Amino acid sequence: MKTLGAGLLLWAACAVGPASAQQDDKKPKFGPDAVPITRSVDFVRTTPAPDYWALSPYYVPQTTGASCSVASVVMMLNALRGLPGLASERLVTAKQLLDRLDDDHWRDATADDGEGISFGELITYVRRSLSAYGIDAEVEVWRPRDTSPATLAELRRILSDNERSADDIILLAFDQGTLTGDIGLGHIAPLGAYDAANRRALVMDPDRAWYVPYWTSDVRLLEAMLKPDRADPEGSGLIRVRSRRVSG
């Protein structure tokens, strides 16, 4: 595992539903920094978009206000494994994943009254989940430290490289409100695609009660990864999982 650091608690992680929606029923669904895929489909129609097509059949919602990590890991596992060939083989589900790992902390942290997990814990659960499903993969962690041109260039390199095949999946950890225009919350979601020509990323947000996949600029995504809160003052980052072998 390559890592540049681990985070603290993703405070109020993944809380479902923008609080502002209860206060302003005329507020647009998305703020100016997010474009829903329903209004911008050309990229996934005209390019291979391998990650999008690997993930979209397995796009699932988080089931509680704190379970974005579980939903994101489930999508990652299914995308890397692909569709099982036998009728007797199940897809990975949130319940199945939690039962297989049998980890009380992850189960409690992502329950209805849970507080979510830390970025560092997410790294651990990604690795354990891959092992539990027999997926041989390299786990690379990237955590930005600033918004400098060099850091932005590195993010663009990672996203562009990831877009080349479906053999690697990126999980993003970021401040949701920075992208959607609603309340700021620590959040986790898979990267669906990266449009290098227009420098924008497609976020497969598991907060399905409120959102569909949306595009956001890579500049804004970097800012969202760096956004501090009272429990994670250093911000978050991304986890890139590169599959080497699937053993079952």
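Cut-offs and rules
Residues numbered from 1 in each chain as written. Predicted model: local features only at pLDDT ≥ 70, side-chain atom pairs only at ≥ 80, totals over all residues. Heavy atoms only, no water. Helix = DSSP H or I, 4+ residues; strand = E, 2+ residues; numbered from the N terminus. Contact = heavy atoms within 4.5 Å. Patch = residues over 30% accessible without salt bridge, like charges linked within 9 Å, V, L, I, M, F, W, Y side chains within 5 Å. Areas by Shrake-Rupley, 256 points an atom, 1.4 Å probe, with all protein chains shown as cover. Salt bridge = Lys/Arg side-chain N within 4 Å of Asp/Glu carboxyl O. Lys, Arg positive; Asp, Glu negative; His and termini not counted. Charge placed at Lys NZ, Arg CZ, Asp CG, Glu CD. Buried < 20%, exposed > 50% of the residue type's maximum accessible area, 1.4 Å probe, protein only.

An unreviewed UniProt entry lists the chain under the name glutathione gamma-glutamylcysteinyltransferase, with Azospirillum melinis given as the organism.

This part covers the side chain of Ser129. With respect to the helices, strands and loops of the structure, Ser129 is situated in helix 6 (residues 119-132). Those residues in contact with Ser129, other than ones at most four positions away along the chain, are Val73, Leu77, Leu97, Leu101 and Trp106.

Once that is clear, we can look at a negative patch on the surface. The grouping of Asp108, Asp112, Asp113 and Glu115 at the surface amounts to a negative patch. Residue position: Asp112 is located in the loop between helix 5 (104-109) and helix 6.

Below, the discussion takes up helix 4 (residues 94-101). Those residues of helix 4 not exposed but buried are Gln96, Leu97, Leu98 and Leu101. Buried residues along helix 4 sit in contact with helix 3 (68-81), helix 5 and helix 6. Phi for Asp102, located one or two positions after helix 4, is positive at around 50°.

Once that is clear, we can look at the side chain of Asp168. With respect to the element layout, Asp168 can be found in strand 3 (residues 168-175). Not counting chain neighbours up to four residues away, the residues in contact with Asp168 comprise Asp51, Asp161, Asn162, Arg240, Val241 and Arg242.

Our next topic: unusual backbone geometry. Positive phi, normally seen in glycine, also occurs at Asp102, with a value near 50°. One non-glycine residue, Arg199, lies in the positive phi region at around 50°. On the secondary structure map, Arg199 appears in the loop between strand 4 (186-195) and strand 5 (200-203).

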